[in-house]
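# Understanding the architecture of this molecule
One letter stands for each residue in the lines below.
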Amino acid sequence: MRKRLSVAGVALLTVLAAVFAFGPPAHAAAGFSVADGKLYDANGNEFVMRGVNHAHTWYQQQTSSFANIKALGANTVRVVLASGDRWAENDTADVANVISLCRANKLICVLEVHDTTGYGEQSGAITLDRAVDYWLSIASALAGQEKYVIVNIGNEPYGNQGYGTWATDSANAIKRLRTAGLAHTIMVDAPNWGQDWSFTMRDNAASVFAADPQKNTVFSIHMYGVFDTAAEISDYLGRFRTAKLPIVVGEFGFDHSDGNPDEDTILSYTQANGIGYLGWSWSGNGGGVEYLDMTTNFNPAALTTWGQRIFNGADGIKATAREASVYGGVTPTTPPTTSTPPTTAPPTTPPPTTPPANGGCTATYTIVNQWQGGFQGEVTVTAGSAAINGWTTRWTFANGQSVSQSWNATVTSSGSSVTATNAGYNGRLGAGASTSFGFVGSAGGTTAVPAVTCTAS
């Protein structure tokens with residue numbers, strides 16, 4: 001993810017024939033399996049990942065994060081582990097505990113070794129072969145967990161140098177794991193710091209998939225600055241769909257030091273096409289990318305701009321995640337292709353069976369966060385002296401701002417004028433009760449706070 005380099009793509013036509021020949025796996029599924037480019041759980045239901053990354057290896061005391069991630073709607077958590085080469089090893093007992101935390105909270109665990117990050121360019125990074133050594137050393141923790149665990153061999157296994165052997169090295173790593181008896185679905189990351197600007201993974205994925213004797217491999221692309229346009233995102237993911245090769249967005253953010261990824265398209269395209277995504281990351285980022293924290297100090301009640309977007313925004317986790325059926329959740333055969341509104345708990349004052357009197361309402365506008373070219377706003381609506389059935393707020397931007405995404409309200413704009421009406425679940429408020437909605441906006445200049453009016457219905 002260091003930089004974008006321009007290379008010519010290699011056509012996939014030479015490999016498509018082999019891919020289309022791949023049918024459902026011949027072996028009986030003890031856990032997850034892949035067929036026709038899709039991921040299925042042990043019950044045979046299609047499973048679409050909706051979750052986040054958690055930096056467990058550096059924050060092992062944050063065990064409550066698993067429950068908190070689940071409570072916000074996720075069905076999957078990608079867990080950072082270390083082999084002991086660059087960071088202290090997560091041993092067999094710790095990995096077993098991580099899996100138990102995932103299972104207790106009805107999350108699917110994607111386990112990844114982080115020590116491979118940027119091999120060939122990053123000092124101290126290890127090879128995929130060394131990562132396999134680690135997986136085999138903790139095999140007893142993985143045994144019997146095929147229904148709940150996906151093994152991500154190594155995070156971003158090459159930087160921008162020496163990645164030409166990615167296909168061979170990935171294929172050999174998969175074969176070693178299979179020979180050793182590992183039957184889990186395997187996930188492989190792209191080179192180039194995960195972003196595959198060279199299209200090495202894209203153009204060699206079919207041969208790597210074919211090298212897996214169980215045909216049970218999923219590919220993971222990390223989308224940061226290289227993927228800053230809708231065209232780049234849809235073209236990359238679309239080629240995997242056409243080739244019927246399983247692909248997930250294993251990491252992505254709403255901003256990055258190497259460019260501004262188009263998170264809206266990442267979310268909308270994956271939702272429309274049944275592709276999994278795992279945002280980076282829950283909390284604890286450093287080195288200048290602290291803005292990628294979804295929560296402040298691991299506090300689920302203190303979501304950041306990014307946290308609000310991925311959990312509560314359009315095509316976000318709360319609106320689209322479906323719990324794995326191995327935990328009792330119902331996964332639709334075909335994932336929904338349109339966004340559904342996020343659900344929240346009912347208001348603390350239960351709505352009456354007859355329409356309440358109109359007590360009026362007030363609204364306050366707050367700028368929660370801002371950055372160059374954008375900001376996050378929040379509006380709190382409070383009912384007056386009597387309960388209300390619904391509300392509408394209005395304001396006019398004075399400095400050219402505009403709303404690009406919103407949650408917990410229906411927001412429309414006409415020039416600089418903005419109107420926001422309640423969602424179906426937060427319109428009725430008891431006397432004095434409050435609710436809030438949020439939005440992400442763009443700003444060409446000063447993000448002044450406008451006056452907001454509120455009308456109750």
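Residues numbered from 1 in each chain as written. Predicted model: local features only at pLDDT ≥ 70, side-chain atom pairs only at ≥ 80, totals over all residues. Heavy atoms only, no water.

### Notes on the sheet that holds strand S20 (residues 452–456)
- Strand order in the open sheet formed by 4 strands is S17-S18-S15-S20, with antiparallel pairing between adjacent strands. The open sheet has two free edges, formed respectively by strand S17 (409–414) and S20, since each of these has just one partner strand. Averaged over neighbouring strand pairs, the angle between their axes works out to 20 degrees when direction is ignored.
- Sheet topology places strand S15 (residues 391–396) next to strand S18 (residues 417–422); 5 bridges connect them, and they run antiparallel. Note on S18: the bridge partner recorded for Thr 392 is Thr 421. (Pairing = 2+ DSSP bridges. Helix = DSSP H or I, 4+ residues; strand = E, 2+ residues; numbered from the N terminus. Axes fitted to C-alpha atoms, helices over the stretch in contact; angles between N-to-C directions.)

### Some points on the pattern of salt bridges
- Taken as a whole, this structure holds 14 salt bridges when the rule is applied.
- In this structure, Lys 70 engages Glu 323 in a salt bridge whose closest nitrogen and oxygen atoms are separated by 2.8 Å. With Lys 70 in helix H2 (residues 65–71) and Glu 323 in the loop between helix H11 (317–320) and strand S13 (361–371), the pair connects residues that are 253 residues apart, well separated along the chain.
- The closest approach of N and O atoms between Asp 85 and Arg 130, which form a salt bridge, is 3.1 Å. Remark: Arg 130 occurs in helix H4 (residues 128–137) and Asp 85 occurs in the loop between strand S4 (76–81) and helix H3 (92–104); sequence separation between them is 45 residues.
- Here the salt bridges share partners, and the residues they tie into one network are Asp 85, Asp 129, Arg 130, Asp 133 and Arg 176. (Salt bridge = Lys/Arg side-chain N within 4 Å of Asp/Glu carboxyl O.)

### Some remarks on the state of the cysteines
- Summed over the entire model, instances satisfying the criterion amount to 2 disulfides.
- The disulfide partner of Cys 102 is Cys 109, and the S-S distance across this bridge is 2.0 Å. Sign of the S-S torsion, about 65 degrees for the bond between Cys 102 and Cys 109, identifies this disulfide as right-handed.
- Here Cys 102 falls in the buried class, since its relative accessible area comes to 1%.
- Judged by its relative accessible area of 0%, Cys 109 falls in the buried class. (Disulfide = S-S within 2.5 Å. Buried < 20%, exposed > 50% of the residue type's maximum accessible area, 1.4 Å probe, protein only.)

### Concerning the sheet that holds strand S3 (residues 50–54)
- The sheet built from 8 strands closes into a barrel, its strands ordered S3-S4-S5-S6-S7-S8-S9-S10 with parallel pairing. The average angle at which neighbouring strand axes cross in this sheet is 25 degrees, direction not considered.
- Looking at chain direction, strand S8 (residues 217–223) and strand S9 (residues 247–252) are connected through 5 bridges and run parallel. The residue of S9 that forms the bridge with His 222 is Glu 251.
- Of the strands in this sheet, S4, strand S5 (108–113) and strand S6 (149–152) are in contact with H4, which crosses S5 at around 130 degrees. (Contact = heavy atoms within 4.5 Å.)

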